[in-house]
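Observations on the model geometry
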Amino acid sequence: MSRLTPDILLRAYACGLFPMADHSSSPDVFWIDPEQRGILPLDGFHIPKRLRKTVRQDRFQIRINTAFRQVMEACAQPAPGRENTWINEEILSTYSQLHDLGAAHSVECWRDGVLVGGLYGVDLAGAFFGESMFHFETDASKIATVHLVARLKWGGYRLLDTQFVTEHLEQFGAQEIPRETYQQMLKKALCVKGDFYSMPEGLIGSDVLQAITQTS
């Protein structure tokens, strides 16, 4: 296939496609269009009771877009039960370019100046396509997810695409929907313009939880 470019990526996402590599050292990528698509309903987002307590503790400093490639590189690292990943060098490079253009974002958890968890994804109109997440400390990726959802709801997004449903995402209310239903949701989301930066900076955890509730 032709090499990835930011323009090709955005056109693909608008059609419901996303790229993956067989493994991190593979030179090639291929396009995925699953029959069952994972989404995280923004209006049905569930935060487990224990995690709510952790969010209120403000254990981590939350930053946006300060270490995008570092987040991607952390997501690409082997982890227990995930000896290899689908993020190869071409994906790293092209998504970093997409970030430079303002069309991809990272939500990061820091402690004492060290990046300990986070996630990244693609921003297109009123849809956000979550790509991958990681954690080096307990609950860091979960906290990043909570902050992402608050930001998306505040910014008027209509769709949070998770591609697939994992056990990690099920606790938040993630669900699988047929490809046809997903395409309808995507079409509607592409007709609005979300604002990733409309949420005030520096909100503490209790404010974030309130924001999620108030914008439901």
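In the block above lies the structure referred to throughout.
So, a few notes on the structure that sits alongside this text.

What counts, and at which threshold
- Residues numbered from 1 in each chain as written.
- Predicted model: local features only at pLDDT ≥ 70, side-chain atom pairs only at ≥ 80, totals over all residues.
- Heavy atoms only, no water.
- Helix = DSSP H or I, 4+ residues; strand = E, 2+ residues; numbered from the N terminus.
- Rg over C-alpha atoms; globule rule 2.2 N^0.38 Å.
- Buried < 20%, exposed > 50% of the residue type's maximum accessible area, 1.4 Å probe, protein only.
- Contact = heavy atoms within 4.5 Å.
- Areas by Shrake-Rupley, 256 points an atom, 1.4 Å probe, with all protein chains shown as cover.
- Lys, Arg positive; Asp, Glu negative; His and termini not counted.
- Charge placed at Lys NZ, Arg CZ, Asp CG, Glu CD.
- Core = buried A, V, L, I, M, F, W, Y, C linked by side-chain atoms within 4.5 Å.
- Phe/Tyr/Trp six-rings, centres within 6.5 Å; stacked < 30°, edge-to-face > 60°.
- Lys NZ or Arg CZ within 6 Å of the ring centre and 35° of its normal.

Looking only at helices and strands, the protein chain features eight helices and nine strands. By the compact-globule yardstick of 17 Å for 216 residues, the protein chain fits well, its C-alpha radius of gyration being 16 Å. With respect to the three principal axes, the spread of C-alpha positions in the protein chain is 45 × 35 × 30 Å. Residues classed as buried in the protein chain amount to 51% of the 216 residues present. At a minimum sequence separation of 6, the contacts of the protein chain that also span at least 24 residues come to 75%. Taken as a whole, the protein chain presents about 10,200 Å² of accessible surface, with 51% of it coming from carbon and sulfur. Separation between the mean location of the 21 positive side-chain charges and that of the 26 negative ones in the protein chain comes to 7 Å.

Our focus in this paragraph is the nonpolar core. Within the largest apolar cluster, 37 residues are counted, with the highest numbers of intra-cluster contacts made by Tyr-13, Met-72, Ile-87, Ile-91, Tyr-95, Tyr-120 and Phe-129. Every element with two or more residues in this core is listed here: α1 (6–15), β1 (18–20), α3 (68–75), α4 (89–100), β5 (104–111), β6 (114–124), β7 (127–135) and α7 (179–189). Of all the elements, α3 adds the most residues to this core, at five residues. Residues within four places of Ile-91 in sequence aside, it is in contact with Leu-4, Pro-19, Met-20, Ala-21, Val-29, Met-72 and Trp-86.

As enumerated under the stated definition, the model contains eight aromatic pairs in all. Taking 5.8 Å as the distance between ring centres and 80 degrees as the angle between the ring planes, the aromatic pair formed by Phe-18 and Phe-164 counts as edge-to-face. Here Phe-164 lies in the loop between β8 (159–163) and α6 (167–170) and Phe-18 lies in strand β1, a separation of 146 residues in the sequence. According to the relative accessible area criterion, Phe-18 is buried, its value standing at 0%. Among the residues examined, Phe-164 registers a relative accessible area of 38% and is labelled partly exposed. Of the aromatic side chains, those joined through ring pairs into one cluster are Phe-68, Tyr-95 and Tyr-120. The ring of Tyr-182 carries the charged tip of Arg-37 above its face, separated from the ring centre by 4.1 Å. Lying across the ring of Trp-110, Arg-63 places its NZ or CZ 4.1 Å from the centre.

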